[in-house]
Amino acid sequence: MKHLISLKEQSKKDIADLLELAIDIKQKREKGIATPYLKDKTLIMLFQKSSTRTRLSFETAMTELGGHGIFMDTRTSQLALTDFGLEIQAIMRFGHILMFRAQKVADVELAASFNRIPVIDACSEKYHPAQALSDLLTMVEHSHGLQNIKKIAWLGIENNVSNTLALVCAKMGIQVAIAAPERDIDSIDEELDAQLEATGKVKRSLDLKEVVSDADYVHTDTWMNMEFFDSGVIRPEFKEEFDRRIQLFTPYQLNADLIERFAPQAKIMHCMPCHMGYEISRDALDHPNSIILDQAENRLHMQKAILVWLLQNM
Ligand code: CP
């Protein structure tokens, strides 16, 4: 059974197939051609953390594929009251795919280990594969083909998003340059690091000019973890860490000055939500090179491809 967890399991061909499928489904939508490939199928969308894009893209994807997406969270279900392993097995009896935004990837892996239905990691502390594949789609479109993407740059903290983005790019032969003074400790996966290393495509440096020069795309993401916030406000117990990170990462902000000085050719990307004025400036978001909203929209098209691909030949 196929699952989408870290992208470690997916081959170059798998990624190419997902891209081809996403492009085809997107083109059909633009021409008004229906794609009811998942009629009568149900996606269970389980969230232990908040979301805008992931929920909207997966739920809309299921609607447009002729199926149905059910939203569940910890607050309004019985998950917090009982044994997770047992409850998730019951949950999986009701759907054909489980999409799970978990606090801990171990719970996603546990759900997948039952091999009852395909499981998608929808952003754990280590991975965000659906984001990485969607970002690859956006870059392929803007570069008019995978073969034209030579290098991407990542600025700020190394985290779950950079793990899977770097892996998908490196597997597809794209050079990845990273300027990050620190990694999010919870995101570290030594097996993923070894796969990345083996590609020979990843370079780390704190020299911003070296990292962004010649990059086709410059990416960043929030320096903060979701658990630092409660309804958008920093929780008191994380205030010190919040301030420390701002001090450490501010020199690696993605802003218009950096792009204009060192990489005027590069497109600006951010998976959103943006913490404006921190990891990305207002002038970068408004810059003509910014493709952030195309990036957000492509979550929908790639999510459809992921859902169809996972259920193919089952
Ligand atoms: N990029 C992303 O996963 O967005 P959400 O947290 O809004 O789902």
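Everything numeric here is computed off the predicted structure, so don't read it as measured data.

(A) Seen up close, the nonpolar core. With 76 residues, the main nonpolar core has L98 and L307 as its most contacted residues. Ranked by the residues each element gives to this core, the list is headed by helix α12 (residues 292-311), at nine residues. Residues contacting L307, with those up to four places away along its chain left out, are L38, L43, F58, A61, M62, L65, I97 and I120. Membership of the second largest hydrophobic core comes to 20 residues, among which are A179, Y252, I268 and I292.

(B) Region of the structure containing the packing of aromatic side chains. Under the defined criterion, the tally for this structure stands at six aromatic pairs. For the ring pair F228 and F238, a centre distance of 4.7 Å and an interplane angle of 20 degrees mean the geometry is stacked. Of this pair, F228 sits in the loop between β8 (217-220) and β9 (229-230) while F238 sits in the loop between β10 (233-234) and α9 (239-249); the two residues are ten residues apart in sequence, bridging distant segments of the chain. On the basis of relative accessibility, which here comes to 4%, the residue F228 falls in the buried class. F238 gets classed as partly exposed once you look at its relative accessible area, which sits at 22%. Connected via pairs of aromatic rings, a cluster forms that spans F229, F242 and Y278.

(C) Structural context of the UniProt feature "domain: Aspartate/ornithine carbamoyltransferase carbamoyl-P binding" (unreviewed entry) in the protein. The sites that UniProt annotates as "domain: Aspartate/ornithine carbamoyltransferase carbamoyl-P binding" (unreviewed entry) are residues 2-141. Taken as a whole, residues 2-141 contains 44% helix and 14% strand, while its terminal C-alpha atoms sit 26 Å from one another.

(D) A look at the pairing of strand β2 (residues 68-73). One ladder, built from six bridges, connects strand β1 (residues 42-47) with β2; its direction is parallel. Each bridged residue has a counterpart across the sheet, and for F47 the counterpart in β2 is D73. For the crossover that starts at β1, traverses helix α2 (residues 53-64) and ends in the parallel β2, the hand is right-handed.

(E) Up close: the pattern of salt bridges. Scanning all chains against the criterion turns up 19 salt bridges. A salt bridge links D17 to K13, with the nearest nitrogen and oxygen atoms 2.7 Å apart. Of this pair, D17 and K13 both sit in helix α1 (residues 12-30), four residues apart, roughly one helical turn. One salt bridge connects R282 with D286, and the closest N-O pair in it is separated by 3.0 Å. What emerges from the salt-bridge pattern is a single network uniting E158, R183, D193 and R204.

Quick notes on the rules
- Residue positions are given per chain, counting from 1 as you read along its sequence in written order.
- For this predicted model, a pLDDT threshold of at least 70 governs which residues receive local features, and a threshold of 80 or more governs which side-chain atom pairs are given and counted, while totals over whole chains, interfaces and linings are taken from all residues.
- The side-chain figures draw on all heavy atoms in the structure; neither hydrogens nor water molecules are used.
- Here, nonpolar core refers to any group of buried Ala, Val, Leu, Ile, Met, Phe, Trp, Tyr and Cys residues whose side-chain atoms link them within 4.5 Å.
- Burial classes: relative accessible area under 20% of the type maximum marks a residue as buried, over 50% as exposed, and values in between as partly exposed (1.4 Å probe, protein chains only).
- Elements are defined by DSSP. Helices are runs of H or I of four residues or more, strands are runs of E of two residues or more, and each kind is numbered from the N terminus.
- Every residue pair with non-hydrogen atoms within 4.5 Å of one another is taken to be in contact.
- By convention, a stacked pair of Phe, Tyr or Trp rings (six-membered ring in the case of Trp) has centres within 6.5 Å and planes under 30 degrees apart, an edge-to-face pair has planes over 60 apart, and any other such pair is tilted.
- UniProt positions are given in the numbering used here, feature names are shortened, and annotations may be inferred rather than shown by experiment.
- Two strands qualify as a pair provided DSSP detects at least 2 bridges between them.
- A right-handed crossover is one whose linking path, passing over the helix from the first strand to the second, runs clockwise when the strands point away from the viewer.
- Just to be clear on terms, a salt bridge is a Lys or Arg side-chain nitrogen sitting within 4 Å of an Asp or Glu carboxyl oxygen.

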